[in-house]
Structure formats: C-alpha cells, structure tokens
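Structure at a glance
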Amino acid sequence: MALNKVDAVVVGAGAAGPIIAKELAVAGYHVVLLERGKFYQPSDCRKDDLYNQRTNILGNSSGPDSEGEPRVFVDERGRERVVLPWEGGYNNNASCVGGGTFSYGAMAWRFHPLDFTMKSKYGAIKDSTLDDWPITYDDLEPYYEKAEWEIGVSGDDSNNPFKGARKRPLPMPPVGPPSKEHKLLDAAARKIGLHPFDIPMLRNSVPYNGRPACMRCRWCVGFACEVDAKCGTQNTVLRTALQTGNLELRTECMTREVMVDDKGRATGVKYYDENWRLQEQPASVVVVSCSAIESPRLLLNSKSKLFPQGLGNRHDWVGRNLQGHAYTGALGLFEEDLYDDLGPGASIAICDYNHGNPGLAGGAMLANEFIRLPIQAIGARPPGTARWGKDFKDFMRRNYRRTVAVQGPTQEIPIWDARVEVDPAVKDKWGIPVARLSGSRHEHTFEIGVAMSLKAEAWLKAAGAIQTWRRTGGRGLSGGQHQAGTVRMGKDPKTSAVDENCRVHESDNVYVVDASVHVTNGGFNPVLTIMALAYRAGGHIARQMKGGRA
Amino acid sequence: MDLKRRQFVATAASAAAAGCGARLAPGLRFFSKDEARTIDAWTECLIPADDMPGASQAQVIRYIDLQLTRRFKKLQEPYRRAAEAIKETARRAHGKPFADLPIEQQSALLAAIDKGEGDKSIWGNDGGKAAFDMVLNHTMQGFFGNPRHGGNRDFVSWRMLGVPPLPVRGRLHYSFGEKS
C-alpha cells in the first residue's frame, strides 16, 4: 500500500541529497529523504587504522560493510569477479547519512573555469567523449559561495592567481599554525616561482555554525571527526532541514526503482524499509542523489514503457563515462625530522599546473598529503627497498618521520567504455541487480599523470629532499570516492542524460543531482562542485514547484 | 630475541597444560599450538626484533588468529597449508621444524618463496608467492595497525616510529570555548 504522497522524495543523503532536501524544506515543501546507510554521530568515531573508509582492510566504518552488497568488476582483460565493499575494484564511496562528507578529507575546491569548457579549450580528443559542460563557472559561482558559507570552509586562496573570480572570501581562516612540512614546502614553492596557498577545507578552523574547531589529530581522512569539526551535509544543511519540520529522514531504506508512468513522469519510488518491507512512496518530484555508481544503477533498474532500457537511457548515456581521479605525485626523503603530528596534514597546494601545460589537455592541483598513518606508510618507500626483514624495519624507523608526499587528482579524459551497468545475474541482499563496472582509463589521462608527478618531484627537490621517487596512477578503471560522469549533463538529449538543471531529458519531474552529472571532473576533489550543483538544482526545483510546473 | 621467543612459547605451553583445548593454541581461536609457533616465527622474520620489539613480541600472531575467525575466514585453509608447507620446506632443507631454525636459515627459506622459487611440489605452481604475500600483508597490519585487533601490543610499532598513541576519547562531552 502506498504511503501518503509528498512533494519530493530524495534518494541518497550524501553530499547532494541533504542540500536539495534543505532547499525544498525551507521553501515549505514536504520532503522524504531516503538513505540506505545509518545515521552515525561523532561519538561513533573510532580511530581505527585498519577499519575506516580510507584503509578498509577490516571493513568500511561508514559503510557499506555487508557481504549482501556486492558488485561485479570486470578487469581490462575481460575477467569478471564479484567484489565486496572492502575489496579492490568495488570503487566504494560510503553509505551513511552525510555519505562521503561524514568521513572525507574535506578539501573544498571550486573547479577552474576551464574545467567547464574542456572541449572548446583543447579540442576533441581521439577515443574520448570529452565535451563542454552546458553551464559555466560563472553560472555556478554564486552556489560555490553558498556552499562555502552555509556548510563552512576554512583556508585562504588569495595567493592563488589561477582561480576563478570569487565575490566573497572564505568564511574561516586556515587551520593553524602551519606544520614544519607546510613551511618547508611553502618556501620552496615560492623559490621556484610557484604560487602556494592554504587549501580550502570543509573543516572548522574556528568555532562556526555551533560546532568547535579542528583539534588537529591525525585520524582525519577516512574517519568521522570526534569533535565534529569537519563540515559535512549531515551536521549542517540536514539539521536546518529537519528543523523546518518539513523533512522526514528515513535511514536504512534501500530504493529499488523509480516508478514512471506511460508519459515518462515519475510517480514516486519503491524502496525496502529498515525491516526489508517493500514500500511505495508517491511524490511529485523524484531526486536521485546516490553518487556516480549507485545513481545510474537505480536509473537502469527503473524500466518503464517510455524507458525500456532504464530511466533517462533512451540514447544509452546512462552509466557511461565513469571517471574518478588518478592520483599522481611524488615522495621525498629529507634530512630532518618533519613530523609534528599536526593533522589533518594536507594544508598547502598549488594550482600552477591545472591548465596551460604544453601538449596536455588539463593537469592537476598538487598538494601535500594527509598524515600517513603507520599502516599507510608501508608503501611510502622508494622502489627497490626491502619489503621485509631488518632492512625494512630500519627504513621505517629512520624515515617515517622524514618522508613528505606531494600529489594531486589528475584531470581524467572521459571514455565511453568506462561504465556502470546492472549485472544480469548478481543481486544484492534486497534482490536488486547490482552494479557491474568495466573499462579502463584513457591513455592521455596517464600522460597527464606522468607530467604531474614530475612537477611534484621538482617541488620536493626544491624543498631539499635528498631522495625522491614518483607515483603515477594505474591504467585500470577509475571511480572510487571521486566517482563521476555517468549521467552526463548537456543540452542535447542525444548526447547527454540530464539537462543543465539536472533534470532527466524527456521526464518532467526526475532529477539526478550528484557527481554523475559532471561532464568532466576537474583536476580537483569534486565535493564542493557537487554541493554547488545541488544548491543550484535545489533552487530550480523549488521555483518549478512554486510555479506549479513540477 | 631468542630468549623472548622461548618465553612466549614457554608461556603458551604452560597455559596449555592448564587445560585449554588439546590442539588449539592457548589464547588463540584458530591456530593449533604447532601452527601458531610456525607462523609466529614466520612473522618474526618479516619484522625481526632488535633493540625494539619485532612481530613476535607485538603479538602479530594474535591479530592473524583473530581475523581468521572474522574478516579473513576465507583464508583459514590457505593459512593451514602455508604453515604445513613452510614446515615441510624446513624439514627437507635442514631436517628440523621451521620454528627451531636460526632466523638466518628461516629468512633464507622465506626469501626463496618471496621470489616464487619455493619447491613446487610443496607450494604449488606459484612457488609460494601467494602464501608469502598473504603472511607479509597480515604481518604489516598486525604490527602497524591498531592494538584493538590483537597485534601492535603496547603500541610497540608506533613507539618505534615516534608517533603518539591514541588520545583519550570523549572530548565531545566537554564544551569548547573560543579558539585558544
């Protein structure tokens, strides 16, 4: 039996869903927000080096963490295997209220203006579906600002001459004081003519929004914040939305399909509630915000008369162009002890190489790395050094506190065959067909990565590293926590899946709002762009509802 | 180091005499006494003690044992086979149990399977490579990971690296004033 009809149902309480829910709830509309994961609190923080979202050897602390939620992964040679959420190939993000924003490293980047016009800037690239976004940096600028102030960003990018114009400074100063590593890299970058600055972070550096400042521990990226100083959607916009009384948040609810009538209009969603009972939630508007693997999965599992190949998939664009970021960079060994245990670690960045690299279509922001926990430092050794025994132990003892890493998210060149499908055979614990991932990276992505690792190495050498070695990304399929691109935004329904307002082409009242709609994913962590898109789409949906058009 | 290992084994033996399961190593959930002694010696070669503790004193064996009943359940058989195979390798090479060999001889046997050059009639087609990598990965996790999982006893590895142990939990319950 169907539940009472609401104005909007939002599927997924990650980086985007709670923002949409808040924009609609504050405008007076009744919203149901469905989330398959749990609602964790800062007191659930467990500083466990082996059980977190970054080093998930013993599992994902903010989900998914059940054998009943597998995926199918097909490698470059066509061999397929069933993968569990804590295994390689799964390309996990998170499943909980707040999604990745509950445990992320929290870099708050605005994309570069050229990131929205990649095809106009660099021309078509062979074997790539590279294109321009249907919107520009200027279209998103007011919403970037809104995200920075409502959710909360600290940092100082005034020394970054490469950024797009901003109308308002960041609301909080950088987390301070700077670490030894930061000071060393800052001086070195200036010495070789680069433009270092303090990374914008969704992290309180001073009390803000009723929550305290960062206490600078080393368990940051991958962990819940014990003092609630990280700013996610779960401790900001979601609170505002719940306070209106117009939002009902339902956790541990897994959406099976979007119900669509014969004219292509959505009538609501079917989902399994926390007791695994199938429920129908009718709604005037459906918003899909499950991230770039689960969103296309839900659309492809929603078949109807007008969309027999899945909702919004009339031209086969749903699930295509899966991209994330190939992290590339370098590590350096230094004479002096540079470890001062001042979290989060990542603090200083340059944008000198995001664009304008001769022969390359893009680049990357480069920054120092988050503190490497001891278990993560095992791999931070130069090639050829001992993997075990006395030499290994000696290396760790001598060098753990003297190693610095500089790296960045390399701009990925999208390809058609990097994709999300639904598997014909494997189902999850609710009986829903699971995501099937296949494809690889574009050759040029790899070339950009190699160039970026050389830049990172040069920065470390300028800082006085006595030994350096590079890390270049692999060629395998890219997704992970920066997953994007699978429900492309565009003006032409034949070459995209949603329009510039994130509305599914040919369906009046279904929106996809998350990194799925990214045409390209920038040389930056994508979360602030997801948030800005959500503010923009949320405002649009509210206006449509007011005008009675949704 | 030898003394410490002997102490560990002696403690284990006396606990067994006190009435634990016949085959199960005392305090452990999966390994038999003999397997535990073998794998413990194996992990100690990977991270040997010097003036700072090695894998044995960090009780990496407890980490592996515990996880074999949890997240690594599927690896129970590979571990049984690996323990048996390294014992057989030692017996053929030196006529003694692996755990009784000096660490130099143990390490030489492990170096061969690290390169995939173990006897194929004992280790199978990959010459022991998969078994070596399995034990190596788990040894690193048990040594450098969080003590709550059984290894890294008394934060020995973190002390060795010079990183402070975990702060006290519960700070959220205190009020925070302006930035200090």
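Fair warning: this is a prediction, and the values are worked out from it, not measured in the lab.

On to the sheet that holds strand β5 (residues 154-156) of chain A, then. Residues and elements named next belong to chain A. Strand order in the open sheet made by the seven strands is β5-β6-β12-β13-β14-β11-β17, with antiparallel pairing throughout. Two strands bound the open sheet, and with one partner strand each, they are β5 and β17 (467-471). Going across the sheet, the axis of each strand differs from the next one's by a mean of 30°, ignoring polarity. Sheet analysis places strand β12 (residues 348-350) next to strand β13 (residues 366-368), joined by two bridges and oriented antiparallel. Across the sheet, residue Ala349 finds its bridge partner in β13, namely Ala367. Here helix α9 (residues 443-462) sits on the sheet in contact with β11 (326-333), β13, β14 (403-410) and β17, set at roughly 25° to β11.

Let's shift gears to the pairing of strand β9 (residues 266-272) of chain A. All names here are of chain A. For β9, the buried fraction is high: five of the seven residues fall into the buried class. Bridge analysis of strand β8 (residues 254-260) against β9 gives six bridges, and the strand direction is antiparallel. Along β9, the bridge assignment pairs Val260 with Ala266. Taken together, β8 and the strand that follows it, β9, pair antiparallel across an intervening segment of five residues, in which Gly264 is found at a positive phi of about 90°. Where β9 lies against strand β10 (residues 278-288), five bridges are found, and the strand directions are antiparallel. Following the sheet pairing, Gly268 is matched in β10 by Pro282.

With 16 residues, helix α7 (residues 129-144) of chain B extends 22 Å from end C-alpha to end C-alpha; this agrees with the ideal 22 Å at 1.5 Å per step. Residues of α7 of chain B that are buried include every one of Ala131, Phe132, Val135, Leu136, His138, Thr139, Met140, Gln141, Gly142, Phe143 and Phe144 of chain B, and no others.

Moving on, we get to the nonpolar core. Nonpolar side chains tend to gather and get buried jointly when the protein is soluble and globular. Residue and element names in this part refer to chain A. Ile20, Val31, Leu366 and Met531 are the most contacted members of the largest nonpolar core, which has 197 residues in total. The dominant element in this core, judged by the number of residues it contributes, is helix α10 (residues 527-546), at 11 residues. Once residues lying within four places of it in the same chain are set aside, the contact partners of Ile20 are Val10, Val287, Ser289, Val513, Ala534, Ala537, Gly538 and Ile541.

The next thing to look at is the interface of chain A and chain B. Contact residues are listed per partner, giving 30 residues for chain A and 29 residues for chain B. Secondary-structure elements contributing two or more residues to the side of chain A that touches chain B are α7 (374-377) and α8 (389-399) of chain A. Of all the elements, α8 of chain A adds the most residues to the side of chain A that touches chain B, at five residues. Of the residues that constitute the side of chain A that touches chain B, the class distribution is 16 nonpolar, three polar and 11 charged.

Another aspect to go through is the confidence of the model for chain B. All names here are of chain B. Mean pLDDT for chain B: 86, with 79% of residues reaching 70 or above. Contacts for the low-pLDDT stretch residues 1-22, under 50 throughout, to residues beyond four places or in other chains number 18 contacts. Across residues 170-180, where pLDDT falls below 50, the model places 13 contacts with residues more than four positions away in sequence or in other chains. Of the two predicted TM-score estimates for the complex, the pTM is 0.94 and the ipTM is 0.95.

What follows concerns the packing of helix α3 (residues 60-68) of chain B against α7 of chain B. All names here are of chain B. Between α3 and α7, whose axes approach to 8 Å, the crossing angle comes to 115°. Taken together, the axes of α3 and α7 are roughly perpendicular relative to one another. Seen from above, α3 lies across α7 with right-handed handedness. Only His138, Thr139, Gln141, Gly142 and Phe143 of α7 make contact with α3, whose side of the interface consists of Val60, Tyr63 and Ile64.

Analysis parameters
- Residues numbered from 1 in each chain as written.
- Chains lettered and ligands numbered in written order.
- Predicted model: local features only at pLDDT ≥ 70, side-chain atom pairs only at ≥ 80, totals over all residues.
- Pairing = 2+ DSSP bridges.
- Helix = DSSP H or I, 4+ residues; strand = E, 2+ residues; numbered from the N terminus.
- Axes fitted to C-alpha atoms, helices over the stretch in contact; angles between N-to-C directions.
- Contact = placed C-beta atoms within 7 Å.
- Buried ≥ 20, exposed ≤ 12 C-beta atoms within 10 Å, placed from the backbone.
- Expected span 1.5 Å × (residues − 1).
- Core = buried A, V, L, I, M, F, W, Y, C linked by C-beta atoms within 7 Å.
- Nonpolar A, V, L, I, M, F, W, Y, C, P; charged D, E, K, R; others polar.
- pLDDT = per-residue confidence, 0-100.
- Parallel < 35°, antiparallel > 145°, perpendicular 65-115°, else oblique.
- Left-handed = near helix turned anticlockwise from the far one by under 90°.

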